[in-house]
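The lines below spell out each chain.
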Amino acid sequence: MKDQIILPTYNEKENIEKVIAEIYKYRPDISVLVVDDSSPDGTAAAVNQLQGRYPDLKLLLREKKEGLGRAYVHAFQHALKDPEIKNIIMMDADLSHDPKYLKEMIISLENGYEAAVGSRYVKGGGTEGWELWRRVLSRFGNLYSKTITGMPVNDCTSGFIAIKAEQLKKIDLESIGLSGYAFLIKLKYLLWRSGARIKEVPILFKNRQGGESKISSHIISEGALTPWKIVLRK
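Here the structure is a predicted model, which means the values were calculated and not measured. (Residues numbered from 1 in each chain as written. Predicted model: local features only at pLDDT ≥ 70, side-chain atom pairs only at ≥ 80, totals over all residues. Heavy atoms only, no water.)

Draft legend 1. Examining the packing of helix α3 (residues 68-79) against helix α7 (residues 180-193) more closely. Closest axis-to-axis distance for the α3/α7 pair is 8 Å, and the angle between their directions is 45 degrees. Considering the angle they form, α3 stands oblique to α7. Along its contact with α3, which presents Leu-68, Gly-69, Tyr-72, Val-73 and Phe-76, the element α7 presents Gly-180, Phe-183, Leu-184 and Leu-187. Class assignment for the residues of the contact of α3 with α7 results in 7 nonpolar, 2 polar and no charged. (Axes fitted to C-alpha atoms, helices over the stretch in contact; angles between N-to-C directions. Helix = DSSP H or I, 4+ residues; strand = E, 2+ residues; numbered from the N terminus. Parallel < 35°, antiparallel > 145°, perpendicular 65-115°, else oblique. Contact = heavy atoms within 4.5 Å. Nonpolar A, V, L, I, M, F, W, Y, C, P; charged D, E, K, R; others polar.)

Rendered as structure tokens:
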């Protein structure tokens, strides 16, 4: 049995070698699946070159950019076909999620939890390098999502998540149909509703080191509407 990290990418050539090297520094035994939406900057070619150095580094190349949610659903479906995969870990490829937290997150799954969330909003967690408006938006957005959905999770929009493969199989991935923060909120909600016990592991979230942020007004507005859609359709 093995653990697999999923790294969704679009124009992350500047960061991909660094993040993969950091992952394997902390977890040399882990499998990494890069899911690239045909990045025009050559991210996929960079991953192909790295595969000679890291035997358990894999690439899932998608035809076009369809958003974070579709990339993750495609990757989940691909990963869940492998009976050897025990845990699946979601991470950003921009170095905002430090691989040093992987150990504690995976230990949480071994100690009775079905999911572990790298959380900025529990004791010991936080952010680094964010402007005031983004800190306020994130704090309010997470409190808003938690209050409306009733989820016992403080960081509803975290994209750093470890999930037992067997628990992921219990939810209808195709039903999520969202991207960005909205996808991350609904995924956690579906995991919680499926009976998953969720542990929040404190992390320091660092601003991306290279490339451009994928945040947009559409992603923010979709995230604002999603908690209401979730509760009104349950």
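Draft legend 2. Region of interest: the pattern of salt bridges. Enumeration according to the criterion identifies 12 salt bridges in this entry. Measuring nitrogen to oxygen at the nearest pair gives 2.5 Å for the salt bridge that ties Lys-58 to Asp-56. Lys-58 sits in the partly exposed class, given a relative accessible area of 30%. When the shortest N-O distance is used, the salt bridge between Asp-155 and Arg-120 registers 2.6 Å. One end of the pair, Asp-155, is in the loop between α5 (132-149) and β7 (161-164); the other, Arg-120, is in the loop between β5 (115-119) and β6 (126-128), and 35 residues separate them in sequence. In the salt-bridge network here, residues are joined through shared partners; they are Asp-3, Arg-27 and Asp-29. (Salt bridge = Lys/Arg side-chain N within 4 Å of Asp/Glu carboxyl O. Buried < 20%, exposed > 50% of the residue type's maximum accessible area, 1.4 Å probe, protein only.)

Draft legend 3. Quick peek at the sheet that holds strand β4 (residues 85-90). Judged by pairing direction, the sheet is mixed, and its 7 strands sit side by side in the order β3-β2-β1-β4-β7-β5-β8 without closing on themselves. Of all the strands in the sheet, just β3 (57-61) and β8 (198-202) have a single pairing partner and so form its edges. Strand-to-strand twist in this sheet, taken as the mean axis angle between neighbours without regard to direction, amounts to 20 degrees. Direction of pairing for strand β1 (residues 2-9) relative to strand β2 (residues 31-36): parallel, over a ladder of 6 bridges. Within β2, the position partnered with Ile-6 by the bridge is Leu-33. The sheet strands contacting helix α2 (residues 43-50) are β1, β2 and β3, and the helix crosses β3 at an angle near 155 degrees. (Pairing = 2+ DSSP bridges.)

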